[in-house]
Protein chains: 2
Amino acid sequence: MKEITLEQIAPAEIEKRSFEIIGEELGELQLDPKLEPIIKRVIHTTADFDYLENLYFTPRVVEHAIDCLKNGCCIVTDTKMAMSGINKSALSMLGVKVYNFIDDEDVIRKAKERGLTRSAVAMEKAAGLSEKVIFAIGNAPTALVSICELMKKGQLDPALVIGVPVGFVNVVQAKELIIQSGVPAIVAKGRKGGSNVAAAIVNAILYQITRKQ
Amino acid sequence: MKEITLEQIAPAEIEKRSFEIIGEELGELQLDPKLEPIIKRVIHTTADFDYLENLYFTPRVVEHAIDCLKNGCCIVTDTKMAMSGINKSALSMLGVKVYNFIDDEDVIRKAKERGLTRSAVAMEKAAGLSEKVIFAIGNAPTALVSICELMKKGQLDPALVIGVPVGFVNVVQAKELIIQSGVPAIVAKGRKGGSNVAAAIVNAILYQITRKQ
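Throughout, a residue's number is its position along its own chain's written sequence, starting from 1. Throughout, the order in which chains and ligands are written sets their labels, letters from A for the former and numbers from 1 for the latter. Side-chain atom pairs in this predicted model are given and counted only at pLDDT of 80 or more, local residue features only at pLDDT of at least 70, and totals for whole chains, interfaces and linings cover all residues. Each side-chain value is derived from all of the structure's non-hydrogen atoms; neither hydrogens nor water enter the calculation.

### Overview of the sheet that holds strand 6 (residues 185–188) of chain B
Residues and elements named next belong to chain B.
Okay, step 1: Spatial strand order, 1-6-5-4-2-3: six strands in an open sheet with mixed pairing. Strands at the two margins of the open sheet, each flanked by one partner only, are strand 1 (55–57) and strand 3 (98–99).
Okay, step 2: Two elements, strand 4 (residues 133–137) and strand 5 (residues 160–163), share four bridges in a ladder whose sense is parallel. Bridging across to strand 5, Ile137 finds its partner in Gly163.
Okay, step 3: Any pair of residues with heavy atoms lying within 4.5 Å of one another is described as a contacting pair. Only C-alpha atoms enter the line fits that serve as axes; for helices the fit covers just the stretch in contact. Angles between N-to-C directions range over 0 to 180 degrees. Secondary structure elements are taken from DSSP: a helix is a run of H or I of four residues or more, a strand is a run of E of two residues or more, and numbering for both begins at the N terminus. The strands touched by helix 9 (residues 141–152) are strand 4 and strand 5; relative to strand 4, the strand with the most contacts, the crossing angle is about 150°. Note: two strands are recorded as paired if DSSP finds a minimum of 2 bridges between them.

As structure tokens, then:
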């Protein structure tokens, strides 16, 4: 039987070593220093180097996101899973709230009545929040479409849209709608993404404040 | 500006249409009918067709997993995120419990004292459960190593190990340890995987009971 050797590495060092390996594999490739922590964290979360090509950023979006998080914005996710993946210590250090409305009774009822996804209706509820919102959407393209419609009607002015739903139906198109809307955005173009990717992007931004890199 | 057309599709049909598209893209490729719902659901969750090649199954593992879920096994995850991605309605229909010990005070304390990851110590706690356990590990290779060590010491006899952590440090090796151990297992070979993949595999198995496909 082949001997399996595990690297002897302390728990606190595992993430650091992972980022070093990602850096080594990127070789000569130079990433924009502002975007690098986000791109590398998404690769760290997925082990998928396709995200080197997929991720789209509006100009100065990272600086803008950091300002928003320092100045009272909240975060709204489309899934419990994305919410669950966001680092709670970092949120608490910054006093940032995260909301997810997908299981709210009023959202479930309205979605059923109107034949819409719960994700779409949850965005309408988010539009009623008093704080400005950073949306972290990793699953539901209908959430992105709903955000675009609310913006068109003048009922929503998001601080930032992290638009990284994964999938095969309306996913590519919904992401293009966000890009064309001109809202500050981070988007994973194409089919790939996920709740884990949405959480990873939020965490990468949070850590730039809390870890003072 | 290019017109973006969205497929007009009812919420309940989105998943069905996604699986149809995946089927179309597989073309002539024939999957093992027992494994097909798992493989397709992982692709549905990740939009990543690499999982056609990556997923490893021990013989008759799906039938075995279904038996376990029908006969009082519980599920233990390594992350809150994986736990959060498992379908709660399906669990409740079957009376299956899910545990995650990562934030338990005793786990945090012991991990610190012994210089281990919390994920590793959480597996020791799982070994103390009275029910047989299906492990769903999407993040921590140290959880897989801990499971292997507990099996060697005769302190743990898992019903099934879903071993799909993602990453760059000890991930490939830890998955190989599980494969070589001979325990009933579903493993994503290589670096890829994730909490979303772990949850997708659990859900694919649950749905084979609850949706009576």
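### Observations concerning the packing of aromatic side chains
Okay, step 1: A pair of Phe, Tyr and Trp rings is counted when the ring centres sit within 6.5 Å of each other, with Trp represented by its six-membered ring. The angle between the planes then sorts it: under 30 degrees is stacked, over 60 is edge-to-face, the rest tilted. All told, the structure shown has four aromatic pairs over all chains when counted by the stated rule.
Okay, step 2: Between Tyr99 of chain A and Phe101 of chain A the ring centres are 5.8 Å apart and the planes differ by 20°, which places this aromatic pair in the stacked class.
Okay, step 3: Arranged with centres 6.0 Å apart and planes meeting at 85°, the rings of Phe168 of chain A and Phe49 of chain B form a pair that is edge-to-face. Taken as a pair, Phe168 of chain A in the loop between strand 5 (160–163) and helix 10 (171–181) and Phe49 of chain B in the loop between helix 2 (36–46) and helix 3 (51–54) lie in two separate chains rather than in one.
Okay, step 4: The exposure class of Phe168 of chain A is buried, given its relative accessible area of 8%.
Okay, step 5: Geometrically, a charge over a ring is one whose NZ (Lys) or CZ (Arg) sits within 6 Å of the ring centre while staying within 35 degrees of the ring normal. Taking the ring centre of Tyr207 of chain B as reference, the NZ or CZ of Arg211 of chain B above it sits at 3.7 Å. Three exposure classes are used, based on accessible area relative to the maximum for each residue type with a 1.4 Å probe and protein chains only: buried under 20%, partly exposed in between, and exposed over 50%.

### A look at the sheet that holds strand 4 (residues 133–137) of chain A
Residue and element names in this part refer to chain A.
Okay, step 1: As summarised here, the arrangement of the six strands in space is 1-6-5-4-2-3, forming an open sheet in which the pairing is mixed. Two strands lie at the open edges of the sheet, namely strand 1 (55–57) and strand 3 (98–99), each paired on one side alone.
Okay, step 2: In terms of strand pairing, strand 2 (residues 74–77) meets strand 4 through four bridges, oriented parallel. When the bridges of strand 4 are listed, Ile75 appears paired with Ile134.
Okay, step 3: Contacts from helix 9 (residues 141–152) reach strand 4 and strand 5 within the one sheet, and its direction differs from that of strand 4 by about 150°.

Read these as layout, nothing more, since geometry by itself doesn't imply function.
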